[in-house]
Amino acid sequence: MVLLHGLMGRGRTWRRQIPWLRRYGRVFTFDAAWHTGAGSVDLDDVAADEIATERFVADVAECLVWIDRGPAVLIGHSMGGLHAWCTAAQYPELVAALVVEDMAPDFRGQTTESWTPWFSTWPDRFATPAEADAMFGPVAGRYFFEAFDDGRLHGDLEIWAAIAEEWGQRDFWAQWQQVQAPTLLLEAEFSVTPAGQMYRMAETNAHATHLLIPGAGHLVHDDKPAVYRGAVEAFLSGVLT
């Protein structure tokens, strides 16, 4: 199994899920491009194809080939879910099954412009987890603080916004329709996805099952961990027998 984190996340944010997932096989995580640590890269120096979804998909495929343990279960949150199903579409031989958490194919018309004023309120460093909790709330605060490097950002806010901006300019329905692997779609009640899209994903793909998680926010795996675990374990028990 390979766990794919969301935008502004990191591989180590899966630490609470890894122990029980190991019952079902070897578990791997990695930091996606532009999420590996703070640097001095300027967005103007970054080519468009370096932050495009296809680049991240190629990275996932390269990791699967390097691991070389046969088709993998890809478990992705948000951005990681998008990368998971796009990898399954382009490299079906590398993917055995998918878990997609709170991500949809079509955010066209949405923009990240509203993020900029919020980003400007972030301190250079969050000195303690409590400071992150105060900014983001307890669930997201823990998630971000775990991703940060000693409280400092592990990437560039402008590049992260540019990654998300692509989603407002194109859709990924075609890639979704190519997916042949069994897929569990987990949608938060308080989702960031456009209404009805994850349900439609299941309606239009016979290999997918959709589950709405009551009371959950975007970080379902940390917000409702028992429900998330139960759903994923039931799914894995079915597809890995």
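Every value quoted in this text rests on a predicted model; they were computed, and no experiment measured them.

**Student:** Would you mind showing me how to read the sheet that holds strand E4 (residues 95-101) here?
**Tutor:** Remark on secondary structure: sheet strands pair via backbone hydrogen bonds, oriented parallel or antiparallel. Taken together, six strands build an open sheet; the order of strands is E2-E1-E3-E4-E5-E6 and the sheet is parallel. With partners counted over all chains shown, the strands left at the sheet margins are strand E2 (28-29) and strand E6 (208-213), one partner each. Inspection of the sheet shows strand E3 (residues 72-77) paired to E4 by six bridges, in the parallel sense. Within E4, the position partnered with Gly76 by the bridge is Val100.

**Student:** Help me understand the layout of surface pockets, please; the structure alone is not making it clear to me.
**Tutor:** Vacant regions in the atomic arrangement are exposed by a probe of water-molecule size rolled over the atoms. Quantified by volume, the largest pocket comes out at close to 720 Å³. Together, 28 residues line the largest pocket, and Met8, Ser78, Trp115, Val192 and His218 are the ones closest to its centre. Of all the secondary-structure elements, those providing two or more residues to the lining of the largest pocket are helix H4 (115-119), helix H6 (138-147) and helix H7 (157-167). At five residues, the largest contribution of residues to the lining of the largest pocket is made by H6. A per-class count over the lining of the largest pocket returns 16 nonpolar, 11 polar and one charged. If you trace the second largest pocket, you find 15 residues lining it, with Met1, Arg26, Arg69, Pro71 and Ala72 closest to the centre. Of the residues in the lining of the second largest pocket, the class split is 10 nonpolar, two polar and three charged.

**Student:** Mind showing me how you'd approach the nonpolar core here?
**Tutor:** For soluble globular proteins, the rule of thumb is that nonpolar side chains tend to be buried together. Counting residues in hydrophobic clusters, the biggest one holds 59 residues, and the most contacted among them are Leu74, Trp85, Leu98, Trp122, Ile163 and Trp167. Excluding residues that lie within four positions of it along the chain, Trp167 makes contacts with Leu7, Thr53, Met79, Leu82, Met103, Phe107, Arg108 and Phe172. In terms of nonpolar packing, the next biggest core, distinct from the first, is built from 22 residues, Met1, Leu3, Ile213 and Ala216 among them.

**Student:** Help me understand empty space enclosed by the protein in this model?
**Tutor:** According to the stated counting rule, one finds one cavity of 30 Å³ or more in the structure shown. A volume near 80 Å³ is recorded for the largest cavity. If you trace the largest cavity, you find it lined by Leu4, His5, Phe30, Asp31, Ala32, Ala33, Phe56, Asp59, Val60, Gly80 and His83. When contributions to the lining of the largest cavity are tallied by element, the ones reaching two or more residues are helix H2 (53-67) and helix H3 (79-90). Ranked by residue count, the leading element in the lining of the largest cavity is H2, at three residues. Broken down by class, the residue content of the lining of the largest cavity amounts to six nonpolar, three polar and two charged.

**Student:** Please clarify how the packing of helix H5 (residues 129-136) against H6 should be interpreted in this entry.
**Tutor:** For any two helices packed against each other, one specifies the crossing angle of their axes together with the interaxial distance. Close contact between H5 and H6 brings their axes to 7 Å; oriented N to C, the two are set at 130°. One way to sum up the angle between H5 and H6 is to call them oblique. With respect to the hand of their crossing, H5 and H6 are arranged in right-handed fashion. From H5, Pro129, Ala132, Asp133 and Phe136 reach across to H6, where they touch Pro138, Ala140, Gly141, Arg142, Phe144 and Phe145. The class makeup of the residues in the contact of H5 with H6 is seven nonpolar, one polar and two charged.

**Student:** Teacher, can you tell me more about the pairing of E4 here?
**Tutor:** Taken residue by residue, a regular strand's side chains alternate between the two faces of the sheet. Most of E4 sits out of view: six of its seven residues are buried. A crossover connection joins E3 to the parallel E4 through H3; in handedness this β-α-β unit is right-handed. Across four bridges, the pairing between E4 and strand E5 (residues 183-188) is parallel. Each bridged residue has a counterpart across the sheet, and for Val100 the counterpart in E5 is Leu185.

**Student:** How should I be thinking about the packing of H2 against H3 in this particular structure?
**Tutor:** Here H2 crosses H3 at 70°, and the two axes come no closer than 9 Å. The angle between H2 and H3 falls in the class roughly perpendicular. Judged by residue contacts, Thr53, Phe56, Val57, Val60 and Leu64 of H2 engage Leu82, His83, Cys86, Thr87 and Gln90 from H3. By residue class, the composition of the contact of H2 with H3 is six nonpolar, four polar and no charged.

Calculation notes
- Residues numbered from 1 in each chain as written.
- Predicted model: local features only at pLDDT ≥ 70, side-chain atom pairs only at ≥ 80, totals over all residues.
- Heavy atoms only, no water.
- Pairing = 2+ DSSP bridges.
- Helix = DSSP H or I, 4+ residues; strand = E, 2+ residues; numbered from the N terminus.
- 1 Å grid on protein atoms, 1.4 Å probe; cavity = no way out; pocket = protein on both sides within 12 Å on 5 of 7 lines; lining within 4 Å.
- Points joined across faces, edges and corners; volume = space filled by probe spheres on them.
- Nonpolar A, V, L, I, M, F, W, Y, C, P; charged D, E, K, R; others polar.
- Core = buried A, V, L, I, M, F, W, Y, C linked by side-chain atoms within 4.5 Å.
- Buried < 20%, exposed > 50% of the residue type's maximum accessible area, 1.4 Å probe, protein only.
- Contact = heavy atoms within 4.5 Å.
- Axes fitted to C-alpha atoms, helices over the stretch in contact; angles between N-to-C directions.
- Parallel < 35°, antiparallel > 145°, perpendicular 65-115°, else oblique.
- Left-handed = near helix turned anticlockwise from the far one by under 90°.
- Right-handed = clockwise from strand over helix to strand, strands pointing away.

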